[in-house]
Structure formats: structure tokens, C-alpha cells
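Residues per chain are reported as follows:
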Amino acid sequence: MANREKHDRMANAIRFLSADAVEKANSGHPGLPMGAADLATVLFTRFLKHDPQNPHWPDRDRFVLSAGHGSMLLYSLLYLTGYEDITIDEIKNFRQLGSKTAGHPEYGHAAGIETTTGPLGQGLANSVGMALAERHLNAVFGDALVDHYTYVLAGDGCLMEGVSQEAISLAGHLRLNKLIVIWDDNNISIDGPVSLSDSTDQCARFAASGWSTVRIDGHDPDAIAGALDAARRSERPTLIAAKTTIGFGAPTRAGTNKAHGSPLGAEEIAGARKALGWDAKPFEVPSDVLDAWRVAGLQSVKKRKEWEQRLAGTEAEARGEFERRMRGELPGNFDAVVADYRKKLVADKPKVATRKSSEMALEVINGVVPETVGGSADLTGSNNTKTSQTQPIKAGAYGNRYVYFGIREHGMAAALNGMALHGGVIPYGGTFLVFSDYARPAMRLASLMGIRSIFVMTHDSIGLGEDGPTHQPVEQIAALRAIPNHKVFRPADAVEALECWQLALESTKSPSTLALTRQNLPAVRTDDVEENLCAYGAYELAPAKGDAAVTIFASGSEVEIALGAKKLLEGHGHPTRVVSVPCMELFEVQSAGYKAATIGSAKVRMAIEAGVRQGWDRLIGADGIFVGMTGFGASGKYEDLYEHFGITAEAAAMAAEARLH
């Protein structure tokens with residue numbers, strides 16, 4: 001085969017595997033794989049450093065399909081280059097229950113899927129975290145072990161989403177020059193031409209954000225290769241605006257929104273086969289074409305073997321540290337350091353806000369866990385996320401450990417996900433809990449993927465005071481608890497804050513949110529217990545004097561109020577126990593016996609939390625008493641607000657007594 005003919009036939013293999021899979025499923029998006037096939041063919045055959053037989057090789061290039069609806073492009077590439085997970089049967093089972101080839105790419109379903117995409121813009125924003133992790137680990141371990149690119153294929157929708165601006169401005173500011181975004185510039189969205197809704201000069205926007213940009217014909221293999229070659233040498237991240245035709249080859253639907261999100265139909269596919277000279281039957285790839293793709297899949301084996309030799313030749317301590325970090329394991333002395341610090345806290349009994357006790361815990365953690373990389377969305381002094389070990393990361397100083405994310409909550413959360421997905425770092429980032437709403441799409445995807453992203457959310461209730469209801473979270477804790485596979489920690493004091501941090505760091509298969517106070521809280525854990533009690537999710541903090549008539553469940557800042565109510569009730573002869581509930585999700589996975597014993601059989605069950613009731617009925621029952629918020633907060637001193645909204649020990653004790661009589 002001549003070079004151009006060979007390229008065309010290899011690209012057409014992607015086009016027809018994709019179109020035929022969508023047709024068989026009677027569902028999916030054929031337009032992007034057909035339009036972007038030339039881009040993908042050049043990238044995967046000439047540039048991408050990967051090894052299908054060793055898909056988790058740490059120094060592989062990362063490929064992110066940000067336009068996740070075009071998932072058959074990725075599945076075709078993985079099959080063609082020889083990834084074991086994606087067989088021709090998986091291609092035939094596209095979008096079917098239980099298949100690895102889900103409607104949108106899902107991290108963990110198959111090797112070669114670097115992140116879950118589909119909600120537009122997320123993959124692009126993840127890639128910034130991946131590129132940042134690469135530069136950070138390169139600064140720590142050197143070119144010999146870490147030196148790879150992050151490639152993104154993004155569509156018009158990815159660039160319209162607001163998170164794209166947060167992502168590209170951060171990447172440009174940090175000069176993440178090993179990040180290369182290929183924009184599938186096909187001028188079509190679901191509603192029709194992009195001109196219906198947008199007239200942005202995207203190259204100008206990226207350039208203004210500190211990127212190199214180039215416009216090319218996305219169907220010209222030499223132009224694509226030239227642009228990628230230049231991008232790899234750039235001192236800035238690069239946007240390649242590749243002009244393509246959506247549904248390339250389809251006789252009547254190419255270049256229209258009709259190619260985007262539905263099967264082409266038998267007649268249209270037959271016309272495309274004729275137009276592109278593709279005689280093979282559905283799901284058959286001519287042997288010469290498949291051989292060419294499989295050879296392309298082997299092109300980096302030599303580089304991978306050379307990398308393994310360099311790793312083997314690395315000094316033992318550095319090699320062990322690199323391998324430990326990439327496995328995601330914590331240092332061997334982590335538990336001992338945490339235990340020693342817990343003893344100190346029990347002895348000192350600090351009366352501080354949990355945002356401060358979180359910072360104190362981080363000071364210890366960041367000293368013993370060198371792979372933590374933290375940051376904040378312009379609230380460093382409020383979130384208390386920076387410690388003595390974490391100097392700011394900036395262009396040319398990537399080995400540092402603190403990211404000033406700027407006022408970019410969504411971009412920050414998505415970047416944390418990208419860092420966690422890359423591996424070798426444990427990322428955390430802070431903002432106010434109320435602004436979890438700005439970060440939530442990325443927090444949800446972290447939960448869906450099952451990755452260790454840690455979200456530090458301070459100012460967690462009306463307890464923040466004068467900033468008022470715009471900044472006082474009411475429904476956010478319940479909303480985050482509603483996300484499956486998301487651990488929401490709300491510690492009551494410094495010991496619980498330390499334990500919650502320990503659990504978040506140990507949680508490799510689910511993300512965590514730490515909800516932390518602005519106001520000071522007394523120490524409630526005053527006995528030195530070797531066990532991490534927060535690991536139970538809920539535990540009896542203060543037993544009743546006698547058979548309990550009342551059980552009070554509380555989290556965070558309201559545990560202090562629960563203990564005050566217990567004192568009042570027992571003063572009136574009503575034995576009362578207090579259960580601290582730092583993490584409902586962990587409580588849910590305890591044994592039935594433990595849960596029953598913790599909930600107990602007291603006549604009156606009450607929960608106290610300065611948020612909405614949702615989620616508490618599983619502990620107190622539908623007829624339980626809830627002391628908390630039923631509407632928005634108000635501006636004022638926090639002490640006055642707790643009194644105003646009836647979240648006090650006195651109000652709680654009165655409500656319990658009224659039920660007892």
C-alpha cells in the first residue's frame with residue numbers, strides 16, 4: 001500500500017467499525033469517529049507512546065477522548081492496536097448491558113480508557129490535572145522515569161462548556177507544554193450548525209489564555225503530523241484546530257447534525273462504503289489493514305523496555321519510592337505517625353475550628369506522605385490547605401506541592417480527578433462547602449470512576465456567620481451524601497479531623513469530602529483510643545447514665561450541642577446517649593448488628609445538624625426529632641444564628657422532653 005492509501009484504509013477501519021457498531025446497537029454517535037478518524041490514525045500510528053500489552057505502563061502518553069459521545073472512536077482504536085480488553089465481540093456488543101464498550105467511555109471498564117467522559121468539558125479539564133501530575137513527577141523523579149505527553153480530542157461542546165475556560169487558563173498559566181488538545185472543529189452540534197449559538201474565535205481564546213494554536217485540515221495526514229510535531233516542541237500547551245467533516249464519507253448526512261447522535265441507517269452506510277471504497281463486511285477488517293494497526297500498536301515496545309531498564313537501573317530507594325507512589329500505597333510509617341499525633345491531640349485538647357485542625361493534621365500528613373499535592377480555589381487562608389511543606393507550583397517549579405487554582409472550583413475539581421487518574425500523586429483541593437455546587441459535576445465523576453480525589457470544603461454551615469445565606473450551606477451536605485460512592489466526612493473535633501483525613505487517604509476506590517467549620521469547637525474525643533472510631537461512620541461518643549431514654553445523633557459542630565443537651569436531659573433524670581456521625585457512608589457498610597446497637601432502642605431518637613433533614617431519617621426514623629435547618633440562613637454573628645434557628649442544647653432538650661412526657 002502506498003502511504004496515503006494505507007492511511008486512508010486504516011482510518012476507514014475506524015469509520016466502519018464505528019458506524020457498524022452504532023448501527024447494530026441502534027444507538028450511538030457515528031459522526032465524530034467518522035470525522036476524526038484521520039486525526040486518530042495519525043496520532044496513534046505516528047506519535048502516541050503506549051503499549052497495548054502493558055497498558056498501565058506509568059510513562060505512557062495519556063489519550064483523553066473528551067468528546068466522550070464519540071466513544072466508538074476510542075473502542076475501535078483499542079481493538080485495532082491490540083488491547084486485550086476490547087475484542088471484536090465487545091465492539092459488536094457496543095452499548096449493551098455488561099459490555100466494556102459502554103455508551104460513553106468508562107474508566108475501569110477496559111485498559112486504555114484513561115478517564116470517564118461524556119459530560120462535555122470534563123475530559124479536557126481532567127487532562128490539565130494529568131499534565132500537571134506528569135510535570136510534577138518529572139521534577140521529582142527526572143526525565144528517565146517520567147517524560148510523556150497528554151493528548152486530548154475535544155469537540156465544539158467541550159469548548160463551549162464553561163469549565164473549558166477554567167481549565168485552559170490554568171494550563172496556560174502553568175505552561176503545561178506537554179498538553180496537546182486536538183479540536184475536532186466540525187462546526188456541528190446537536191441542534192445544527194454551531195453558528196446557531198456561538199461565534200467565538202476559539203484560537204484567539206486559547207491564545208489569550210497562554211496557548212500555542214494552529215489551524216489545519218483535519219483530513220490531511222501530513223498537516224496533522226506537522227501540527228503534532230510542532231506541538232511537541234512548543235513551550236506552551238497547544239490547541240490544534242482541525243477542520244473536519246462530521247460523518248465523513250456518509251453521502252447525505254456528512255457535514256450535518258443528522259450524523260451526530262443516531263445510526264446512519266443501512267442505505268447511508270452502504271453509500272459510505274461505496275464512496276470510501278470499503279468492501280469489507282460489518283465488523284470485518286481486511287487482514288492487511290488489521291496487520292498494519294497491530295504493528296502500529298507495537299511501535300513503543302522498544303521504548304517501554306528501555307524505560308524498564310532505566311527503572312531497574314535507578315538507585316534502589318528512588319525506585320522503591322516511585323513504584324510505591326504509582327501503586328497508590330501510603331508510606332509504611334503512616335499509621336504510626338497518625339497514632340502518635342492522635343495521642344498528642346488527646347493530651348492537648350485543642351479548641352480550634354475543624355478547618356484549623358484539618359490544617360494541623362495536614363501538617364503532619366504532608367510531612368510523612370510526600371506525594372500529596374494540595375491547593376485551593378483562591379481561599380488558601382480560609383480553607384487552611386497549605387502547610388510548611390507545600391510551596392507553590394508554577395511554571396518551572398513543578399516539583400513543589402501547592403496549586404493556586406484561582407477562582408476555578410469546577411476546573412480545580414476536574415484537575416484533581418486528572419491528577420488522581422494519572423497516579424503517583426494524592427490530590428486535594430479546597431473551597432467553601434457552598435461552592436461544592438460549582439464543583440459538583442467533577443465530584444460526581446470522581447465517585448463514578450472510584451478514584452482518590454479529596455475535596456476540602458470549609459465554612460460548612462450557618463456557623464460561618466456574617467457572610468450570610470449566599471455562603472451558608474444548608475442543603476449541600478445532604479446533596480453530597482446523595483452521590484453514590486462518595487464519602488462525606490464531618491468531623492467534630494481535632495481527633496475526628498485527623499481520623500477522617502486518615503480514612504480519606506486510605507480510600508483508594510472512592511473520593512472524599514471533608515466538611516469543616518469556620519467556628520472553634522471543643523475537644524470531644526478526650527480518651528486515647530488506638531482504633532480509628534470514625535472508620536465506623538457512627539459510634540457512641542457518650543453513653544447514657546442508665547438505660548437510654550434518648551439517643552442524640554449529631555455531626556461536626558453540632559456534637560458539642562448534643563453533649564450539652566445530654567447534660568440538660570440527664571439533669572432532669574432522662575438518661576441520654578450521644579452518637580457522633582462523622583460519615584454516614586461508612587456507617588451504612590457496617591454489620592447489621594453494629595448498626596442496630598449504635599442506633600439503639602431509646603424511646604426518643606433525635607438528630608442535630610445545621611443543615612436540612614434529608615438523610616437523617618435512616619438513623620432517627622420518620623418520627624424522629626430533627627434539630628437543624630428548614631430554610632436558608634441569615635447574616636449575623638454565628639452565636640445569634642444558632643439561637644435564632646433553634647439549634648441549641650436547650651431547644652434540643654426541650655424537644656426531647658416534650659416527646660418523653
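Below is a summary of the structure that appears in this document. (Residues numbered from 1 in each chain as written. Predicted model: local features only at pLDDT ≥ 70, side-chain atom pairs only at ≥ 80, totals over all residues. Heavy atoms only, no water.)

Side note on the overall build of the protein
- Check the secondary structure of the protein and you find 26 helices and 20 strands.
- Of the contacts made within the protein by residues no fewer than 6 positions apart, 78% connect residues no fewer than 24 positions apart.
- When the accessible surface of the protein is split by element, carbon and sulfur atoms take 50% of a total near 24200 Å². (Helix = DSSP H or I, 4+ residues; strand = E, 2+ residues; numbered from the N terminus. Contact = heavy atoms within 4.5 Å. Areas by Shrake-Rupley, 256 points an atom, 1.4 Å probe, with all protein chains shown as cover.)

A closer look at the packing of helix H17 (residues 409-422) against helix H18 (residues 436-449)
- In the contact formed by H17 and H18, the axes pass within 6 Å of each other and the chain directions differ by 20 degrees. It follows from the interaxial angle that H17 and H18 lie roughly parallel. In this structure, H17 crosses over H18, and the sense of that crossing is left-handed. Across the interface between the two elements, Glu-409, His-410, Ala-413, Ala-414, Asn-417 and Leu-421 of H17 pack against Tyr-438, Ala-439, Pro-441, Ala-442, Ala-446 and Met-449 of H18.
- The residue makeup of the contact of H17 with H18, split by class, is 9 nonpolar, 2 polar and 1 charged. (Axes fitted to C-alpha atoms, helices over the stretch in contact; angles between N-to-C directions. Parallel < 35°, antiparallel > 145°, perpendicular 65-115°, else oblique. Left-handed = near helix turned anticlockwise from the far one by under 90°. Nonpolar A, V, L, I, M, F, W, Y, C, P; charged D, E, K, R; others polar.)

Here's the deal with the sheet that holds strand S7 (residues 238-243)
- Spatially, the 5 strands line up as an open sheet ordered S1-S2-S3-S7-S6, and their pairing is parallel. Edge positions in the open sheet fall to strand S1 (62-65) and strand S6 (212-217), since each of these has one partner strand only. Taken pair by pair, the neighbouring strands of this sheet meet at an average axis angle of 15 degrees, ignoring direction.
- Relative to strand S3 (residues 179-185), strand S2 (residues 150-154) runs parallel, the two sharing 5 bridges. By the bridge assignment, Val-152 is partnered in S3 with Val-181. (Pairing = 2+ DSSP bridges.)

Let's talk about the packing of aromatic side chains
- Scanning all chains against the criterion turns up 14 aromatic pairs.
- When the ring of Tyr-428 is compared with that of Trp-501, the centres are 5.5 Å apart and the planes differ by 80 degrees; the resulting orientation is edge-to-face. Residue Tyr-428 is located in strand S11 (residues 426-432), and its partner Trp-501 is located in helix H20 (residues 494-506); the two are separated by 73 residues in the primary sequence. For the pair shown, Tyr-428 and Trp-501 are each scored as buried. (Phe/Tyr/Trp six-rings, centres within 6.5 Å; stacked < 30°, edge-to-face > 60°. Buried < 20%, exposed > 50% of the residue type's maximum accessible area, 1.4 Å probe, protein only.)

A look at the sheet that holds strand S19 (residues 604-608)
- Pairing is mixed in the open sheet, where 5 strands are placed in the order S16-S18-S17-S19-S20. Looking at which strands have only one partner, the edges of the open sheet turn out to be strand S16 (539-542) and strand S20 (625-627). Each strand of the sheet is rotated relative to its neighbour by a mean of 30 degrees, with strand direction disregarded.
- Helix H26 (residues 649-660) rests against strand S17 (550-554), S19 and S20 of the sheet, and its axis sits at about 160 degrees to S19.

Observations concerning the pattern of salt bridges
- Tallied over the full model, the rule gives 33 salt bridges.
- The closest approach of N and O atoms between Lys-49 and Asp-59, which form a salt bridge, is 2.9 Å. Placement of the pair is Lys-49 in the loop between helix H2 (31-47) and S1 and Asp-59 in the loop between H2 and S1, with a sequence separation of 10 residues.
- When its relative accessible area of 12% is taken as the criterion, Lys-49 is described as buried. (Salt bridge = Lys/Arg side-chain N within 4 Å of Asp/Glu carboxyl O.)

A few points about the environment of Ser-512
- Along the polypeptide, Ser-512 turns up in strand S14 (residues 512-516).
- The class of Ser-512 is buried, set by a relative accessible area of 0%.
- Spatially, the C-alpha atoms of Ser-512 and Ala-653 are 33 Å apart, while their sequence positions differ by 141 residues.
- In this structure Ser-512 touches Ser-453, Ile-454, Phe-455, His-486, Lys-487, Phe-489, Ala-504 and Ser-507, once residues within four positions along its chain are discounted.

A closer look at unusual backbone geometry
- Positive phi outside glycine occurs at Asn-26, with the angle close to 55 degrees.
- Relative to the helices and strands, Asn-26 is located in the loop between helix H1 (3-25) and H2.
- According to the relative accessible area criterion, Asn-26 is exposed, its value standing at 61%.
- One non-glycine residue with positive phi stands out, namely Asp-378, at about 65 degrees.
- Relative to the helices and strands, Asp-378 is located in the loop between strand S9 (372-376) and helix H16 (380-383).
- Take Asp-378: its relative accessible area is 51%, and that puts it in the exposed class.

Considering helix H14 (residues 334-348)
- For H14, spanning 15 residues, the distance from its first C-alpha to its last is 21 Å, which sits close to the expected 21 Å at 1.5 Å a residue.
- Residues of H14 that are buried sit in contact with helix H15 (354-368) and H20.
- Just beyond H14, the residue with positive phi is Lys-349, at close to 50 degrees. (Expected span 1.5 Å × (residues − 1).)

Looking at the pairing of strand S12 (residues 454-458)
- For S12, the tally of buried residues reaches 5 of 5 residues, placing the bulk of the element in the interior.
- Sheet topology places S11 next to S12; 5 bridges connect them, and they run parallel. Directly across from Tyr-428, in S12, lies its bridge partner Ile-454.
- Running through H18, the crossover from S11 to the neighbouring parallel element S12 is right-handed.
- Inspection of the sheet shows S12 paired to S14 by 5 bridges, in the parallel sense. Along S14, the bridge assignment pairs Met-457 with Ala-515. (Right-handed = clockwise from strand over helix to strand, strands pointing away.)

Thoughts on the environment of Ala-171
- Tracing the backbone through its elements, the reader meets Ala-171 in helix H7 (residues 162-173).
- Separated by 224 residues in sequence, Ala-171 and Ala-395 place their C-alpha atoms 9.8 Å apart.
- Once residues within four sequence positions are removed from consideration, Ala-171 is found in contact with Val-128, Leu-176, Leu-179, Trp-211 and Pro-237.

Re the side chain of Glu-496
- Relative to the assigned elements, Glu-496 resides in helix H20.
- Look at Glu-496: it is buried, it has no salt bridge, and the nearest opposite charge is Arg-525 at 4.6 Å.
- Among the polar contacts made by the side chain of Glu-496, one reaches the side chain of Ser-580 at a distance of 2.7 Å.
- Leave out the neighbours within four places in its chain, and Glu-496 touches Arg-490, Pro-491, Arg-525, Cys-534, Tyr-539, Ser-580 and Pro-582. (Lys, Arg positive; Asp, Glu negative; His and termini not counted. Polar contact = N/O pair within 3.5 Å; in protein donor to acceptor, adjacent residues only side chain to side chain.)

Focus on the side chain of Ser-164
- Residue placement: Ser-164 occurs in helix H7.
- On the basis of relative accessibility, which here comes to 0%, the residue Ser-164 falls in the buried class.
- At 3.1 Å, the side chain of Ser-164 and the backbone oxygen of Leu-159 are in polar contact.
- Not counting residues within four places of it along the chain, the set of residues in contact with Ser-164 comprises Leu-124, Cys-158, Leu-159 and Arg-205.

Quick look at the pairing of S3
- For S3, a buried count of 7 out of 7 residues is recorded, marking the element as mostly surrounded by other parts of the structure.
- Residue alternation in S3 divides its side chains into two sets, Leu-179, Val-181, Trp-183 and Asp-185 and Ile-180, Ile-182 and Asp-184, and both sets are buried.
- Note: S3 against S7, 6 bridges, orientation parallel. Bridge pairing in S7 places Ile-182 opposite Ile-240.

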